[in-house]
Amino acid sequence: MLANGVARVCALKAHVTETRSRAKVPVGLGSKATETIQFGRKRYPMIATYAKPPSEREGEAPSGSSPQDQPKPTTSKSLDEDEEVSIGEAFKAGQEVGDQIKSEVYSRFSRPVIDDVGLPAADATVCIGGSVLLALVILATGVPRPTWLVPAPWVPRWRSLQFLAPAVQHGSALALCWVLGAVAGESYQKKGIDGPRKEVLIRTLKSGAFATGILILATQATTYVTFTLQGISPYLGDSAQGDLLLLQIQSELIVDVSVQAIMMITWRQIRKAVPGQFL
């Protein structure tokens, strides 16, 4: 038992020594090691301080070295200055990256690049068509109608004509979200229209993600206003009526996103396969 314990201690000590030698990490506090951290396209120094081993303490020269080879002690003031410089550089780099992202996003909306001037109108038509198709399926199958599919009282009562206006109105709102998302996702540039099929799909998905975010924010705002006007709490768990309405709105949101995703991905792939020049 004792022999086994001694063997384990020796093996552990050898493993620690080998690990330190591989990492080339100083043994104690007092010596200074500089590492770098990636931030954007630049790397910035991170200063780590370690304790000096007993042989390198002040007033003691390490064994096998002359006094001239002894490193000069580093004061805490210089270490603090280096750390402040490193933090300041990292903070400045973060500000630069944030300014670049801000200017890029702003330029996408202020100076959008649209290589096919007729494509936004075509996208809007597809979105409206998807909403009308969804309304037809709901009315044909008899499933519970969503909150936006309410018959228009000013439309003549002839078959399902009264449901056409709310379907077009709902599809127009979805089309607005998609066009904004397509502008942000650069789907109206030539590479997003007539580029490689994979690139077209990636830009379509990016635009859909941005459009989904806009739709979620708009749904939250309208839900809050509607619930406030009706005197219903917009938070889950406060009332059974509010919980049922929130679940219904959530399910409608999921259905709208799914239907529009299928429609737009299919349409953009078809548009990619259509030969010809841009308008």
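The structure this text deals with has already been given above.
Because the structure is predicted, anything quoted here is derived from the model rather than measured.

Re unusual backbone geometry
And step 1. One non-glycine residue with positive phi stands out, namely Glu-186, at about 55°.
And step 2. Looking at the secondary structure, you find Glu-186 in the loop between α4 (164–184) and α5 (190–194).
And step 3. On the accessibility criterion, Glu-186 (22% relative accessible area) is partly exposed.

As for the pattern of salt bridges
And step 1. In this structure the tally under the stated criterion is four salt bridges.
And step 2. For the salt bridge of Arg-271 with Asp-116, the shortest nitrogen-to-oxygen distance reads 3.0 Å. Within this pair, whereas Arg-271 is found in helix α7 (residues 240–273), its partner Asp-116 is found in the loop between α2 (76–110) and α3 (119–141), the two being separated by 155 residues in sequence.
And step 3. Here Arg-271 falls in the buried class, since its relative accessible area comes to 13%.
And step 4. Among the ionic pairs, Glu-199 bridges to Arg-203, the shortest N-O distance being 2.8 Å. Of this pair, Glu-199 and Arg-203 are both found in helix α6 (residues 197–230), four residues apart, which corresponds to roughly one turn of the helix.

Considering the nonpolar core
And step 1. Counting 15 residues, the largest nonpolar core has Cys-127, Trp-178, Tyr-188 and Met-264 as the members making the most contacts within it.
And step 2. Broken down by secondary-structure element, the contributors of at least two residues to this core are α3, α4 and α6.
And step 3. For Met-264, the residues in contact, after removing those within four places along its chain, are Asp-123, Val-126, Cys-127, Trp-178 and Thr-204.

Here we look at α7
And step 1. Under the 1.5 Å per step criterion, the end-to-end length of α7 is 50 Å for 34 residues, consistent within 8% with the ideal 50 Å.
And step 2. Turning to α7, the residues buried within the fold contact α3, α4, α5 and α6.
And step 3. The opening residue of α7, the one whose side-chain oxygen lies 3.2 Å from the backbone nitrogen of Gly-242, is Ser-239.

The rules behind each value
- Residues numbered from 1 in each chain as written.
- Predicted model: local features only at pLDDT ≥ 70, side-chain atom pairs only at ≥ 80, totals over all residues.
- Heavy atoms only, no water.
- Helix = DSSP H or I, 4+ residues; strand = E, 2+ residues; numbered from the N terminus.
- Buried < 20%, exposed > 50% of the residue type's maximum accessible area, 1.4 Å probe, protein only.
- Salt bridge = Lys/Arg side-chain N within 4 Å of Asp/Glu carboxyl O.
- Core = buried A, V, L, I, M, F, W, Y, C linked by side-chain atoms within 4.5 Å.
- Contact = heavy atoms within 4.5 Å.
- Expected span 1.5 Å × (residues − 1).
- Polar contact = N/O pair within 3.5 Å; in protein donor to acceptor, adjacent residues only side chain to side chain.

Take it as geometry only, folks, not as evidence of what the structure does.
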